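Here is how the chains run, residue by residue.
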Amino acid sequence: MTGEAQGSWNPFRLHGRPFFEDKNRAFWTLQSAGWAGYFILRTLSGVANDMGWSYVLHTLLLTATGYSITLLMAAAYRRLIQMREIVTWVGSILIVVSAAAAFSAIETWSVATFIQPGTRPEGIRFLGAILLTVSLLIAWSALYYSINFYILLEEQKDRLLRLESTASNAQLAMLRYQLNPHFLFNTLNSISTLVLLKQTDRANAMLSRLSSFLRYTLVNEPAGTVTIQQEVETLKLYLEIEKMRFEERLRPHFNIDPGAAQSQLPSLLLQPLVENAIKYAVTPQEEGADISVEVRRQIDRVLITVTDTGPGADAQYKARAEHSTGVGLANIRDRLAQAYGDNQRFETQSDITGGFRVFIDIPFQTEEPK
């Protein structure tokens with residue numbers, strides 16, 4: 001849950017824990033509190049009407065009877081709640097009528113024994129006792145079913161949230177795993193070329209840096225987040241590998257706002273942007289290109305800009321940059337949507353004079369979302 005959800009007011013929480021987390025405890029607490037309230041109210045009513053201490057004994061007997069009968073009803077309801085609706089309704093009505101008859105019989109006997117010895121309520125008086133008892137047991141039954149349906153609804157909601165979270169994490173993992181084969185193909189191809197050219201020292205250096213890069217990136221969960229500082233360190237490792245291929249043709253620049261360095265973002269989010277810039281700005285130009293990564297914080301937002309000095313507004317370049325190999329920019333869009341929903345912005349811009357720019361706007365977060 002998010003911090004907002006955790007901090008919201010919930011009437012069913014005790015000491016920070018959900019009241020219905022332990023259903024057995026919650027049932028006994030409510031059962032005891034409810035019938036204790038019944039006893040207190042009826043006792044106060046009897047005392048106010050000067051019914052004497054015998055009425056207290058009568059009320060105590062009725063409370064014990066109601067407590068016991070509703071325990072038996074709860075045992076039956078636990079089975080009925082799992083059956084078809086028609087069975088639940090008919091079964092509950094029959095149980096309420098039977099329980100009300102037994103409760104009223106005991107109440108009638110108690111009145112004749114403690115309140116008015118020798119009398120037997122008949123006709124309207126007995127019917128009135130039954131109606132009151134039926135109303136009481138219907139209210140108890142309604143409360144029982146309402147609470148249990150509330151608990152079932154909450155359990156289903158929790159299961160749905162877990163499934164959605166699992167599906168979202170799986171999709172994020174899939175999107176990230178698209179990056180590694182793409183990058184590995186390029187790097188291993190370069191190493192193979194160096195080996196064929198018998199440049200073993202450079203090939204060994206590239207393998208060593210590739211090992212460091214993979215070790216660094218694989219530490220993080222595929223669907224997890226890292227700080228911007230960690231992401232930039234990963235980018236620098238990646239660029240060290242690529243500089244082995246392009247040397248002075250690849251000129252990276254970083255401008256990172258210290259205030260944004262600890263903000264979280266999906267891991268390996270920026271690597272495909274730099275990879276695209278290398279592919280479409282550095283590779284096709286004999287003089288190479290500059291690639292700039294700028295990160296700045298603006299109140300509660302983090303603004304990330306990746307620019308290059310490539311061909312710019314060339315239509316063929318722009319189309320290739322947006323659709324290359326099914327990853328790249330399309331991957332970034334999907335990962336941002338998965339991680340932040342609508343609370344993010346992703347834009348690209350190509351200048352007529354040259355250069356390509358990618359802009360990302362995400363919320364400033366110093367803790368990984370739960």
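As a starting point, this report considers the structure included with it. Only a predicted model underlies this, so the values are computations on that prediction, with no experimental measurement involved.

### A closer look at the packing of aromatic side chains
No. 1: Following the criterion strictly, the structure yields nine aromatic pairs and no others.
No. 2: With centroids separated by 5.5 Å and ring planes inclined at 75 degrees, the aromatic side chains of Phe-27 and Trp-28 adopt a geometry described as edge-to-face.
No. 3: Look at Phe-27 and you get buried, because its relative accessible area is 19%.
No. 4: For Trp-28, a relative accessible area of 37% puts it in the partly exposed group.
No. 5: A centroid spacing of 6.2 Å and a plane angle of 35 degrees characterise the contact between Tyr-77 and Trp-140, whose relative ring orientation is tilted. Of this pair, Tyr-77 sits in helix H3 (residues 53-80) while Trp-140 sits in helix H5 (residues 124-177), placing them 63 residues apart in sequence. A single burial state applies to Tyr-77 and to Trp-140, both of which are buried.
No. 6: Put simply, the rings of Phe-27, Trp-28, Tyr-77, Trp-140, Tyr-144, Tyr-145 and Phe-149 touch in pairs and so form one group of aromatic residues.

### Remarks on helix H11 (residues 329-340)
No. 1: With twelve residues, H11 should cover 16 Å at 1.5 Å per step; its first-to-last C-alpha distance of 16 Å lies within 8% of that length.
No. 2: Looking one or two residues past H11, Gly-341 carries a phi angle of roughly 65 degrees, positive in sign.

### Quick word on the nonpolar core
No. 1: Ranked by internal contacts, the top residues of the largest apolar core, which has 44 residues, are Leu-265, Ile-278 and Ile-360.
No. 2: The biggest single contributor to this core is helix H8 (residues 228-246), with nine residues.
No. 3: Those residues in contact with Leu-265 that sit more than four places away from it in its chain are Thr-225, Val-226, Thr-227, Ile-228, Glu-231, Leu-270, Ile-304, Tyr-340 and Ile-362.
No. 4: Of all hydrophobic cores here, the second largest spans 18 residues; its members include Met-73, Ala-74, Leu-80 and Val-96.

### Remarks on the sheet that holds strand E8 (residues 345-350)
No. 1: Reading across from one edge, E4-E6-E7-E9-E8 is the order of the five strands in this open sheet, with mixed pairing throughout. The open sheet has two edge strands with one neighbour each: strand E4 (250-256) and E8. Ignoring strand direction, the axes of neighbouring strands in this sheet form an average angle of 10 degrees.
No. 2: Across seven bridges, the pairing between E4 and strand E6 (residues 289-298) is parallel.

### Focus on unusual backbone geometry
No. 1: Here the phi dihedral of Lys-198 falls at roughly 65 degrees; this positive angle occurs in a residue that is not glycine.
No. 2: Relative to the assigned elements, Lys-198 resides in the loop between helix H6 (179-196) and helix H7 (200-218).
No. 3: Residues other than glycine seldom take positive phi values, yet Glu-247 does so here, at roughly 50 degrees.
No. 4: The class for Glu-247 is partly exposed, based on a relative accessible area of 45%.

### Comments concerning the pairing of strand E9 (residues 356-363)
No. 1: With respect to burial, E9 is a largely interior element, seven of its eight residues being buried.
No. 2: Two strands pair when backbone bridges link them, and strand E7 (residues 301-308) and E9 are joined in this way by eight bridges, in the antiparallel orientation. Pairing of Thr-307 across the sheet is with Arg-357, part of E9.
No. 3: Alignment of E8 against E9, held across six bridges, turns out to be antiparallel. Across the sheet, residue Ser-350 finds its bridge partner in E9, namely Phe-356.

### Quick notes on the side chain of Thr-305
No. 1: Relative to the assigned elements, Thr-305 resides in strand E7.
No. 2: On the accessibility criterion, Thr-305 (13% relative accessible area) is buried.
No. 3: Ignoring anything within four residues of it in the chain, the contact list for Thr-305 reads Ser-292, Val-293, Glu-294, Arg-357, Val-358 and Phe-359.

### Thoughts on the pattern of salt bridges
No. 1: All told, the structure shown has eight salt bridges when counted by the stated rule.
No. 2: In this structure, the salt-bridge partner of Arg-301 is Asp-361, at a minimum N-O distance of 3.0 Å. Residue Arg-301 is found in strand E7, and its partner Asp-361 is found in strand E9; the two are separated by 60 residues along the sequence. Comparing Arg-301 with Asp-361 shows no difference in burial state: the two are buried.
No. 3: When the shortest N-O distance is used, the salt bridge between Arg-345 and Glu-347 registers 2.7 Å.
No. 4: On the accessibility criterion, Arg-345 (35% relative accessible area) is partly exposed.
No. 5: The partly exposed category is assigned to Glu-347, whose relative accessible area is 34%.

### A short note on the packing of helix H2 (residues 23-48) against H3
No. 1: Packing of H2 against H3 brings their axes to within 9 Å, and their N-to-C directions diverge by 155 degrees. The angle between H2 and H3 falls in the class roughly antiparallel. Of the two possible hands of crossing, H2 and H3 adopt the one that is right-handed. Counting all contacts with H2, which are made through Phe-27, Trp-28, Gln-31, Ser-32, Trp-35, Tyr-38, Phe-39, Arg-42, Thr-43 and Gly-46, the residues of H3 involved are Tyr-55, Val-56, His-58, Thr-59, Leu-60, Leu-62, Thr-63, Gly-66, Tyr-67, Thr-70, Leu-71 and Ala-74.
No. 2: Here the residues of the contact of H2 with H3 are counted per class, giving twelve nonpolar, nine polar and one charged.

What counts, and where the lines are drawn
Residues numbered from 1 in each chain as written. Predicted model: local features only at pLDDT ≥ 70, side-chain atom pairs only at ≥ 80, totals over all residues. Heavy atoms only, no water. Phe/Tyr/Trp six-rings, centres within 6.5 Å; stacked < 30°, edge-to-face > 60°. Buried < 20%, exposed > 50% of the residue type's maximum accessible area, 1.4 Å probe, protein only. Helix = DSSP H or I, 4+ residues; strand = E, 2+ residues; numbered from the N terminus. Expected span 1.5 Å × (residues − 1). Core = buried A, V, L, I, M, F, W, Y, C linked by side-chain atoms within 4.5 Å. Contact = heavy atoms within 4.5 Å. Pairing = 2+ DSSP bridges. Axes fitted to C-alpha atoms, helices over the stretch in contact; angles between N-to-C directions. Salt bridge = Lys/Arg side-chain N within 4 Å of Asp/Glu carboxyl O. Parallel < 35°, antiparallel > 145°, perpendicular 65-115°, else oblique. Left-handed = near helix turned anticlockwise from the far one by under 90°. Nonpolar A, V, L, I, M, F, W, Y, C, P; charged D, E, K, R; others polar.

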